[in-house]
Amino acid sequence: MSGDLFAKVRAYESYAFRQELEAQRLLPYFRVAEGPPTAVTMMGGVPRVNLGSSNYLGLSGDSRLTSAAHQANLRYGTSVNGSRLMNGTTELHLRVEDAVANWFGEEDALVFGTGYTTNLGVISALVGDGDVVLCDAADHASIVDGARLARGRLLAFRHNRMDRLETLLRRASSTDAGVLVAVDTVYSMQGDLSDIVAVTGLSRRYGARLLVDEAHAVGVLGPDGQGVAALARLADGVDLRMGTLSKALGGSGGFVTGPADVIDFLRVQARAFMFTAAAPAGGLGAALAGIEIARSAEGEERRERLAANAARLRVALTELGFDVAPAPVWESGVEVQTPILRVPAPDDMTAARTWRFLYDHGVYVNVALYPAVPRGRAQLRLCVMATHTAEHLERVVDAFTVLARKLTVRPAAADLVAG
């Protein structure tokens, strides 16, 4: 008799821990939002300052995007009910692709249903038998999963360790393998930057192609909101740029932009593009409106507010004694204020209790526990928005101030939750 496929479920250590958290009302996941992911969001019947969303420019929930989505749904329906290859391509898909390619100054672009499927489809289509894909160990799961799905070989290097990347590139260049380097530009858990200058230089030196994931940078950083590669003036040295329409731009879907022949190849080779329903019209209508705003003077003003809000919160939490990493510093010595702040916790249970304390004090944050992060690396992740006001941030700082006092006197874990 074969073994029980479900045995692993019942023996899953993290599942037992999740049940324990749920029993103590500490489970930070699957919380129900009762409205759009704006600066303050209703959750559990209470308005909470929202530091858990990637709505960086505050465009999701904006009436202009909502109206654009509504008009798109009226014209095209709530679902295209088919793949792009067959019956799922609408004028909206083509308009978004034209808008993205124009924005990034590239020959062409391709819109996928999500950012995750973008990386999945691009990497698995390009990296074939005998090829190699090199990934930063901190890359998003979509990059790693795309590399695993590819027929080539996946090699990872320690986060931002350029010496290790060069070693792997040197070895790969001594063979006939095609090589793809794939890195995030803003790392979603740490909020730090890729060493894009070194990554680009090494990729060029050893003849590798370079894919950068700008998901947390599009609309947020760089001239015209084009991202980190443009900020570093290295866009011409990057082969493919990937991004999402569902974070700063307030819509839905993902995209890749680059040379026309590569994009055309992906249209008929990327399985995650060809064999799934196309992005729905409403999200694309909203994304078009979001791109227009992001590229306008208003978009620049929102980026400035976002950077100021991130800097203010980073300084305040650091002064309270929380181990928040400083803003990444560009080669010129200029700080780059990414909208993601990482607050480490000593263990998973403390992270969960800290999350609950903040939640009960009207602040919602994200929590990363094992196995999402290595053991002993639990953390809170705070995502700032351009639409957070001084009052919102003051409420956040007030909650962390009370939390800092409780942590200073080393309370019993139950006391931390009791508030």
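See above for the structure.
Throughout what follows, the structure given in this document is the object of discussion. Since this is a predicted model, take the numbers as computed values, not measurements. The numbering scheme is per chain: residues are counted from 1 as the chain's sequence reads. Local features in this predicted model are restricted to residues of pLDDT 70 or higher, and side-chain atom pairs are both shown and tallied only at a pLDDT of 80 or more, whereas totals for entire chains, interfaces and linings draw on every residue. The side-chain figures draw on all heavy atoms in the structure; neither hydrogens nor water molecules are used.

## Describing the packing of aromatic side chains
For step 1, the next point in the chain: Centres within 6.5 Å make a pair out of two Phe, Tyr or Trp rings, where for Trp the six-membered ring is used; the pair is then stacked when the planes are under 30 degrees apart, edge-to-face when over 60, and tilted otherwise. Enumeration according to the criterion identifies six aromatic pairs in this entry.
For step 2, the next point in the chain: With centroids separated by 6.4 Å and ring planes inclined at 70°, the aromatic side chains of Tyr359 and Tyr364 adopt a geometry described as edge-to-face.
For step 3, the next point in the chain: A relative accessible area of 4% means that Tyr359 is categorised as buried.
For step 4, the next point in the chain: One aromatic cluster is present, built from ring pairs that chain together Trp103, Phe104 and Phe255.
For step 5, the next point in the chain: Above the ring of Tyr359, the side-chain terminus of Arg31 is found at 5.2 Å from the ring centroid.
For step 6, the next point in the chain: Between the NZ or CZ atom of Arg48 and the centre of the ring of Tyr359, over which it lies, the distance is 3.6 Å. The rule is simple: take the accessible area with a 1.4 Å probe, protein chains only, and divide by the maximum for that residue type; under 20% is buried, over 50% is exposed, in between is partly exposed. Our definition puts a charge over a ring when NZ of Lys or CZ of Arg is within 6 Å of the ring centre and also within 35 degrees of the ring normal.

## A word on the sheet that holds strand E4 (residues 132-136)
Backbone hydrogen bonds hold the strands of a sheet together, and the pairing may be parallel or antiparallel.
For step 1, the next point in the chain: Here, strands pair whenever DSSP counts at least two bridges between them. Each helix corresponds to a stretch of at least 4 residues labelled H or I by DSSP, and each strand to a stretch of at least 2 residues labelled E; elements are numbered beginning at the N terminus. Here seven strands make up an open sheet; going across it, the order is E3-E9-E8-E7-E6-E4-E5 and the pairing mixed. For this open sheet the edge positions go to strand E3 (108-112) and strand E5 (153-157), each flanked by a neighbour on one side alone. Averaged over all neighbouring strand pairs, the angle between strand axes comes to 20°, with direction disregarded.
For step 2, the next point in the chain: Strand direction decides the pairing type here: E4 and E5, joined by five bridges, are parallel. Bridge pairing in E5 links Val132 to Arg153. Between N-to-C directions, angles cover 0 to 180 degrees, with each direction set by a line fitted to C-alpha atoms, over the stretch in contact for helices.

## So, unusual backbone geometry
Glycine aside, negative phi is the norm for most residues, and most peptide bonds take the trans geometry.
For step 1, the next point in the chain: With omega at 10°, the peptide bond leading from Tyr370 into Pro371 counts as cis.
For step 2, the next point in the chain: In this model, Asp224 sits at a positive phi of 65°, which is unusual for a non-glycine residue.
For step 3, the next point in the chain: The topology assignment puts Asp224 in the loop between strand E7 (209-213) and helix H9 (228-231).
For step 4, the next point in the chain: Since its relative accessible area comes to 22%, Asp224 is described here as partly exposed.

## Comments concerning the pairing of strand E11 (residues 363-368)
On a regular strand, one side chain projects to one face of the sheet and the next to the other, so that they alternate.
For step 1, the next point in the chain: Most of E11 is tucked away, with six of its six residues classed as buried.
For step 2, the next point in the chain: Neither face of E11 is exposed, since Val363, Val365 and Val367 on one face and Tyr364, Asn366 and Ala368 on the opposite face are all buried.
For step 3, the next point in the chain: Sheet analysis places strand E2 (residues 46-51) next to E11, joined by three bridges and oriented parallel. Bridged to Val49 within E11 is Val363.
For step 4, the next point in the chain: Pairing of E11 with strand E12 (residues 379-383) involves three bridges; the strand directions are antiparallel. For Ala368, the partnering residue across the bridge sits in E12 and is Gln379.

## Quick notes on the sheet that holds E2
For step 1, the next point in the chain: Sheet architecture is open: five strands sit in the order E1-E2-E11-E12-E10, paired in mixed fashion. Because the sheet does not close on itself, it has two edges, and the strands there are strand E1 (40-43) and strand E10 (340-344). Sheet twist, expressed as the average angle between the axes of neighbouring strands with direction ignored, equals 45°.
For step 2, the next point in the chain: Where E10 meets E12, five bridges bridge the pair, whose relative direction is antiparallel. Pairing of Leu341 across the sheet is with Leu382, part of E12.
For step 3, the next point in the chain: Packing against the sheet, helix H13 (residues 297-319) makes contact with E2, E10 and E12, and its axis sits at approximately 15° to E10. We call two residues contacting when some pair of their heavy atoms lies within 4.5 Å.

## Looking at empty space enclosed by the protein
For step 1, the next point in the chain: A 1.4 Å probe that fits into a set of points on a 1 Å grid over the protein atoms alone but cannot get out defines a cavity; an open set with protein on both sides within 12 Å along at least five of seven lines defines a pocket, and lining residues are those with an atom within 4 Å of a point. Grid points are joined across faces, edges and corners, and a volume is the space filled by probe spheres set on the points. Scanning all chains against the criterion turns up one cavity of 30 Å³ or more.
For step 2, the next point in the chain: The calculated volume of the largest cavity comes to roughly 40 Å³.
For step 3, the next point in the chain: Forming the boundary of the largest cavity are Arg84, Val111, Phe112, Gly113, Ala272, Phe273, Thr276, Ala277, Ala278 and Ala279.
For step 4, the next point in the chain: Elements supplying a minimum of two residues to the lining of the largest cavity: E3 and helix H11 (271-274).
For step 5, the next point in the chain: Residues of the lining of the largest cavity, tallied by class, amount to seven nonpolar, two polar and one charged. In this classification, the charged set is Asp, Glu, Lys and Arg, the nonpolar set is Ala, Val, Leu, Ile, Met, Phe, Trp, Tyr, Cys and Pro, and all remaining amino acids, among them Gly, are polar.

## A few points about the layout of surface pockets
For step 1, the next point in the chain: There is about 940 Å³ of room inside the largest pocket.
For step 2, the next point in the chain: Along the wall of the largest pocket there are 35 residues; nearest its centre are Met189, Leu369, Pro371, Ala372 and Val373.
For step 3, the next point in the chain: Contributing elements (two or more residues each) for the lining of the largest pocket: helix H2 (13-23), E4, helix H6 (141-149), E5, E11 and E12.
For step 4, the next point in the chain: Examining the composition of the lining of the largest pocket, we find that five residues originate from one element, H2, more than from any other.
For step 5, the next point in the chain: When the residues that make up the lining of the largest pocket are grouped by side-chain class, the tally is 22 nonpolar, six polar and seven charged.

## Looking at the pairing of E2
For step 1, the next point in the chain: Relative to E2, E1 runs antiparallel, the two being bridged by four bridges. Bridge pairing in E2 places Met43 opposite Val46.

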